[in-house]
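Structural overview
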Amino acid sequence: MMKRIWRLYRPHYAETRRLALPVIVAQIGQITVGLADNMMIGRLGKTELAAAAFANTLFSLPLIFGMGFAMAITPLTGKANGSNDYSELKSLKKAAFGANGVMAAILIAASTLLYSAMPYMHQPESILEYSQQYFSVIGLSIIPLMLFLSGKQFAEGLSNTKLAMMITLGANVFNILGNYMLIFGKWGAPELGLVGAGWSTLFARVLMAIGMLVFIRKLHREQLKSVVVNFKELAASTLKIIKLGIPMGLHMFSESSAFIVAGIMMGWISETGLAAHQIVISLSTFGFMLYQGIGVSTTIRISQLAGRQVPALIKRASNASIQIVFGMVIIISMAFVSMSNWLPTLFTTDAGVIKLASQMIIILTIFQLFDAIQIIYSGILRGMADATVPGILTFICYFIITIPFSYWAAFHGGFNEIGIWMGFPVGLSICALMFHFRLKYLHRKLLVSMQA
């Protein structure tokens, strides 16, 4: 029995790993930059670290929506690739850059409004000036990042996850060196402190966009060279991206908002809590990005299998991803628990911040499993081009359950900073359960449609 199961799932394990590995390597590279960023900023002082935490938390609002919007390109490309529809592929390639370019302009406008609202968010006065200076620089990086994501998501729909990995890793090296040079004024550069980290991020993302624009032209060049796309086809592909991208953006926005609002509420309590929150968010991102790598590969696999109309393979590919990520959760959670007292010391020497961050890490390990499972379920649903219902479910779980529970635990339950983190295990577990039932419904619906 076990040998039969292994034979059935082995190809799915192998293909999921093949697609996920470059994504995970790129994600680890991004995490490394984030960790290095926070470590360098942390050496400037607790105030600068808290200021970066506030600015990054706020910037995540337009950033995450934009990333979710861009993700619509992958399942649409994957489905067209799975059915060998080259006309649709070329149309989607052109539409991707147009739709993301317009979205970048909208997100810049949203970032400008957020910048203006920063003084009214009841954050510590000591961090406000630093936060606004830093935010004004990193806000501009949304434009090159959206251009990069246009090519990245298209390439991933073609099962090419290596291109984005190579470009991202190169930019990450540049970003780390730029941080060191501009934050501390090394190698003849001016000492810009926190703002220097923002400029380094902006320059790195400009390089990412340029690199993607250069290399994306080579993908499927022979198959697409003779294909002519008219305005009607381009408009139709653009509309598909928008119709799928907006609910995906709202999905990602709702999911991240719980952590974003948690950071804002943390600032209402103490600067120490805000600094500790930034440290643990950086650590939680490590696990999230690894799971997200499997989620991305799952979206690619499911979208291509959907194009081939094979329900049994869709279910096996889904189960294989869930099994892989379950094993990853066990290993990562054990590492976090065993090093909970040591990890915060990599970011700061402040005893109060270290103690609070160590306690938050324990809560982090509790919700890791639920977070990982809902990430994979999200990847499966995206691959099946199902976005509206998951978006609604995500909104309910985070805005109706997680955020209110965190607020109650912190300000009425007497748990203070730790209470803000208590809402995450509750909301994530309910989200994973809702996605599970949604996925079962879609599998049954697909089987019925195939039998009809």
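For the structure, check the block above.
Because the structure is a prediction, the values reported are computed rather than measured. Every chain's residues receive numbers from 1 upward, in the order its sequence appears when written. It should be noted that, the model being predicted, local features are given only for residues of pLDDT at least 70 and side-chain atom pairs only at 80 or more, the latter also being counted only at that level, while totals for whole chains, interfaces and linings use all residues. The side-chain quantities take in all heavy atoms of the structure and omit both hydrogens and water.

1. Some words on the overall build of the protein chain
The helix and strand tally for the protein chain stands at 15 helices and 0 strands. Taken along its principal axes, the extent of the C-alpha atoms in the protein chain is 65 × 50 × 35 Å. When each of the 452 residues of the protein chain is scored for burial, the buried share is 58%. Sequence-distant contacts, at least 24 apart, represent 84% of the contacts inside the protein chain between residues at least 6 apart. Accessible surface, the protein chain as shown: approximately 18,900 Å² in total, 68% of it carbon and sulfur. The convention is simple: Lys and Arg are positive, Asp and Glu are negative, and His and the chain ends are not counted. Each charge is placed at NZ for Lys, CZ for Arg, CG for Asp and CD for Glu. Measuring between centres, the 33 positive side-chain charges of the protein chain sit 17 Å from its 17 negative side-chain charges. Helix numbers and strand numbers start at the N terminus; a helix is a DSSP run of H or I with at least 4 residues, a strand a run of E with at least 2. Each residue is placed in one exposure class: buried if its accessible area under a 1.4 Å probe, protein chains only, is under 20% of its type's maximum, exposed if it is over 50%, and partly exposed if it falls in between. Every residue pair with non-hydrogen atoms within 4.5 Å of one another is taken to be in contact. Note on areas: Shrake-Rupley with a 1.4 Å probe; residue coverage comes only from the protein chains shown.

2. Digging into the nonpolar core
Ranked by size, the top nonpolar core spans 127 residues in total, and within it Leu58, Ile241 and Trp421 carry the most contacts. Beyond its immediate stretch of four places on either side in the chain, Trp421 contacts Met266, His277, Val280, Ile281, Met360, Ile363, Leu364 and Phe367. Joining through side-chain atoms within 4.5 Å is the link that ties buried Ala, Val, Leu, Ile, Met, Phe, Trp, Tyr and Cys residues into a set, and such a set is a nonpolar core.

3. Digging into a nonpolar patch on the surface
Taken together, the side chains of Phe174, Leu192, Trp199, Phe203, Val206, Leu207, Ile210, Val214 and Phe215 define a hydrophobic patch exposed on the protein surface, amounting to about 750 Å² of accessible area. Looking at which element gives the most residues to the nonpolar patch, the answer is helix H8 (residues 194-215), with 7 residues. Position of Phe215 relative to the elements: it lies in helix H8. Patch rule: a residue counts if its relative accessible area is over 30% and it has no salt bridge; like charges are joined within 9 Å, and nonpolar side chains (Val, Leu, Ile, Met, Phe, Trp, Tyr) within 5 Å. Should a side-chain nitrogen of Lys or Arg be within 4 Å of a carboxyl oxygen of Asp or Glu, the pair is scored as a salt bridge.

4. Quick word on the state of the cysteines
Note on terminology: a disulfide is the covalent bond linking the sulfur atoms of two cysteines. Throughout, disulfides are identified as pairs of cysteine sulfur atoms within 2.5 Å of each other. The final tally for this structure, using the stated rule, is 0 disulfides. Of the cysteine sulfurs around Cys397, a residue in no disulfide, the closest is that of Cys431, at 4.3 Å. For Cys397, a relative accessible area of 0% translates into the label buried. Overall, the relative accessible area of 0% leaves Cys431 in the buried class.

5. Thoughts on the packing of aromatic side chains
Two rings belonging to Phe, Tyr or Trp (six-membered ring only in the last case) form a pair when the distance between their centres is within 6.5 Å. Interplanar angles under 30 degrees mark stacking, angles over 60 mark edge-to-face geometry, and anything in between is tilted. Tallied over the entire structure, the rule returns 12 aromatic pairs. Taken together, a centroid distance of 5.7 Å and an interplanar angle of 75 degrees make the contact between Phe367 and Phe424 edge-to-face. In this pair, Phe367 is assigned in helix H13 (residues 351-383) and Phe424 in helix H15 (residues 416-451), connecting sequence segments 57 residues apart. Ring-pair connections join several aromatic residues into one group, and the members of that group are Phe59, Tyr115 and Phe135.

6. Focus: the packing of helix H5 (residues 125-138) against H8
Angular values range over 0 to 180 degrees, each being the angle between N-to-C directions of two axes fitted as lines to C-alpha atoms, with helices fitted over their stretch in contact. Viewed as axis vectors pointing N to C, H5 and H8 meet at an angle of 10 degrees, and their least axial separation amounts to 8 Å. By the angle between their axes, H5 is roughly parallel relative to H8. Together, Tyr130, Gln133, Tyr134, Val137 and Ile138 of H5 and Leu194, Val195, Ala197, Gly198, Trp199 and Leu202 of H8 make up the contact between the two elements. Each angle receives one of four descriptions, namely roughly parallel if under 35 degrees, roughly antiparallel if over 145, roughly perpendicular if within 65 to 115, and oblique otherwise.

7. Remarks on unusual backbone geometry
Of note, the phi angle at Asn416 is positive, near 55 degrees, even though the residue is not glycine. Mapped onto the elements, Asn416 comes out in helix H15. Classification of Asn416 by relative accessible area gives partly exposed; the value is 42%.

8. Observations regarding the side chain of Ser406
Mapping Ser406 onto the fold places it in helix H14 (residues 388-411). For Ser406, a relative accessible area of 2% corresponds to the buried category.

9. Looking at the environment of Ala312
The residue Ala312 is located in helix H12 (residues 311-338) in this model. Each C-alpha atom, one on Ala312 and one on Ile366, is 33 Å from the other, the two residues being 54 residues apart in sequence.

10. What about the pattern of salt bridges?
By the definition in use, this model includes 2 salt bridges. We note a salt bridge from Glu156 to Lys152, for which the minimum N-O separation is 2.8 Å. Here Glu156 and its partner Lys152 are both found in helix H6 (residues 142-157), 4 residues apart, which amounts to about one turn of the helix. A relative accessible area of 16% means that Lys152 is categorised as buried. A salt bridge links Asp386 to Arg438; the shortest N-O distance between them is 2.7 Å. Highlighted residues: Asp386 in the loop between H13 and H14 and Arg438 in helix H15, separated in sequence by 52 residues. Using a relative accessible area of 16% as the deciding quantity, one classes Arg438 as buried.

11. Looking at the packing of helix H2 (residues 46-70) against helix H10 (residues 231-269)
It is the contact of H2 with H10, at a shortest axis distance of 6 Å, that shows an interaxial angle of 155 degrees. Considered as vectors, H2 and H10 are oriented roughly antiparallel to each other. In this structure, the crossing between H2 and H10 has a hand that is right-handed. Of the residues contributing to the contact of H2 with H10, the split by class is 14 nonpolar, 8 polar and no charged. Two helices that cross are described as forming a left-handed crossing if the nearer one is turned anticlockwise from the farther one by less than a right angle, and a right-handed crossing if clockwise. Only Asp, Glu, Lys and Arg are considered charged in this grouping, and only Ala, Val, Leu, Ile, Met, Phe, Trp, Tyr, Cys and Pro are considered nonpolar; every other residue, Gly among them, is considered polar.

12. Brief notes about helix H3 (residues 73-82)
Of all 10 residues in H3, 8 are buried; the element is thus mostly enclosed. If you check which residues of H3 are buried, you get Ile73, Thr74, Pro75, Leu76, Thr77, Gly78, Ala80 and Asn81. Where H3 ends, the next residue or the one after it, Asn84, has phi of about 55 degrees, a positive value.

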